[in-house]
Amino acid sequence: MNIAVVGLTHKTAPVEVREKLSIPEPVCDKAIAQLCSYPHIEEVAVLSTCNRLELYLVTSETEQGIREVNQFLSEHSKLPSARLRPYLFTLLHQDAVMHLMRVSAGLDSLVLGEGQILAQVKQCHKLGQQHQGIGRILNQLFKQGISAGKRVRTETSIGTGAVSISSAAVELAQMKVDSLADQRVTIIGAGKMSRLLVQHLLSKGANNIVILNRSMNRARELANLFPDAHLRLLPIEDMMDAIAQSDIVFTSTSSTEPILDRANLEPVLDANQPLMVIDIAVPRNVAADVNELPMVRAFNVDDLKAVVAQNQESRRQMAMEAEALLEEEVETFQAWWRSLETVSTISCLRDKVEAIRAQELEKALSRLGTEFGDRHREVIEALTKGIVNKILHDPMVQLRAQQDIEARRQAMETLELLFNLESPQARV
């Protein structure tokens, strides 16, 4: 049994590749079901964000399991394995464990120390449990990873002032214009990323903001978070008219296909009025051919790297402190993983003692005769179970807690010998 992670991120693949592998939340259940159907994959969790797709797995046979994941990714993206392979990374066991810790802590993000990724890891854990992809091992790993992410943010200052993708997008817009207060801004989408866009735009002085969304109720919920901002809300059907009256357009919808391209933009644009389009969605909401329009400057998430670089250096020292904390978290998980070696011996010991208890109890009850009532039987049953549990408690706790690998194995061998237990190797 081994833990592995296979995936790609903003560091290994451009957005045009990442968007092909994106697994939106509504189809996450199907992806998990397909992955769990492979013969060498025991557990799986899917972490899909605008900057990464990572599949965390427990495999019964590492090489075969990874091959099955690569097959899934090729089929899902409709990219041949040979084309996809250069963009993928694979990490095994301790490296995979440390990677999840770093991801949860925001140390592997485009924006160092960003906070949104921790919520995304939590949602990944939740969906994995909900769709029966996560079992005992990944459950413990993700609990440890989430704990590590919280600890880093509590014990270091890496999250202080850390920008998100949304704030980086706003900073990029601010770099390109004299003042955001003079700009007519349109945001397409009303999700979490759009909420952050509004928050950062308002903090930078923007005061003419239009929100478009398919669900007007969702748009109103967003607007209600900023009661003093006087945001204008429009249905998605008015999108092209709104863009025609905008200076800056941000897109952040869950659409799997572009909603803006040269064909629908060109007819509504003023030949003398420049337009900036910043797309922070993956898959992209804006087609690449928009850049062919002379008055349009279009940017996507990969174009935010220059903005992010300006904010990184001040947090690098904090990141070093965080790495030291994560080493401790990894060791905690490793200790738990090593303790799994004791499960088979403990289970065998408990089964044997329980069988003895049940057999002796039946002998005693048969001697007491039929007049012995159910209530008395329940009391004696509880008494014998309590005695067994108390006798086994300390040996089991001590065996699990033993950190020295050789000492733990010697202890298990001693138990197997003293109680004449079938060895784990013989049972496999």
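Here the structure is a predicted model, which means the values were calculated and not measured.

## A few points about the pairing of strand 2 (residues 41-49)
Buried residues dominate strand 2, accounting for 7 of its 9 residues. The antiparallel hairpin formed by strand 2 and strand 3 (residues 52-59) contains 2 residues in its connecting segment.

## Side note on the side chain of Glu-19
Within the element layout of this structure, Glu-19 appears in helix 1 (residues 15-21). In this structure the side chain of Glu-19 is engaged in a polar contact, spanning 2.8 Å, whose partner is the side chain of Arg-284.

## Focus on the pattern of salt bridges
Taken as a whole and judged by the stated rule, the model has 19 salt bridges. Between Glu-329 and Arg-151 there is a salt bridge whose closest N-O contact spans 3.1 Å. Note that Glu-329 is positioned in helix 14 (residues 316-339) and Arg-151 in helix 7 (residues 136-155), a separation of 178 residues in sequence. Given the relative accessible area of 8%, Glu-329 is considered buried. Among the ionic pairs, Glu-360 bridges to Lys-363, the shortest N-O distance being 3.4 Å. With Glu-360 and Lys-363 both in helix 15 (residues 343-368), this residue pair falls 3 residues apart, about one helical turn. Given a relative accessible area of 40%, Lys-363 falls into the partly exposed group. One connected set of salt bridges, linked through shared partners, spans Lys-11, Arg-52, Glu-54, Arg-102, Asp-108 and Glu-323.

Conventions we followed
Residues numbered from 1 in each chain as written. Predicted model: local features only at pLDDT ≥ 70, side-chain atom pairs only at ≥ 80, totals over all residues. Heavy atoms only, no water. Buried < 20%, exposed > 50% of the residue type's maximum accessible area, 1.4 Å probe, protein only. Helix = DSSP H or I, 4+ residues; strand = E, 2+ residues; numbered from the N terminus. Pairing = 2+ DSSP bridges. Polar contact = N/O pair within 3.5 Å; in protein donor to acceptor, adjacent residues only side chain to side chain. Salt bridge = Lys/Arg side-chain N within 4 Å of Asp/Glu carboxyl O.

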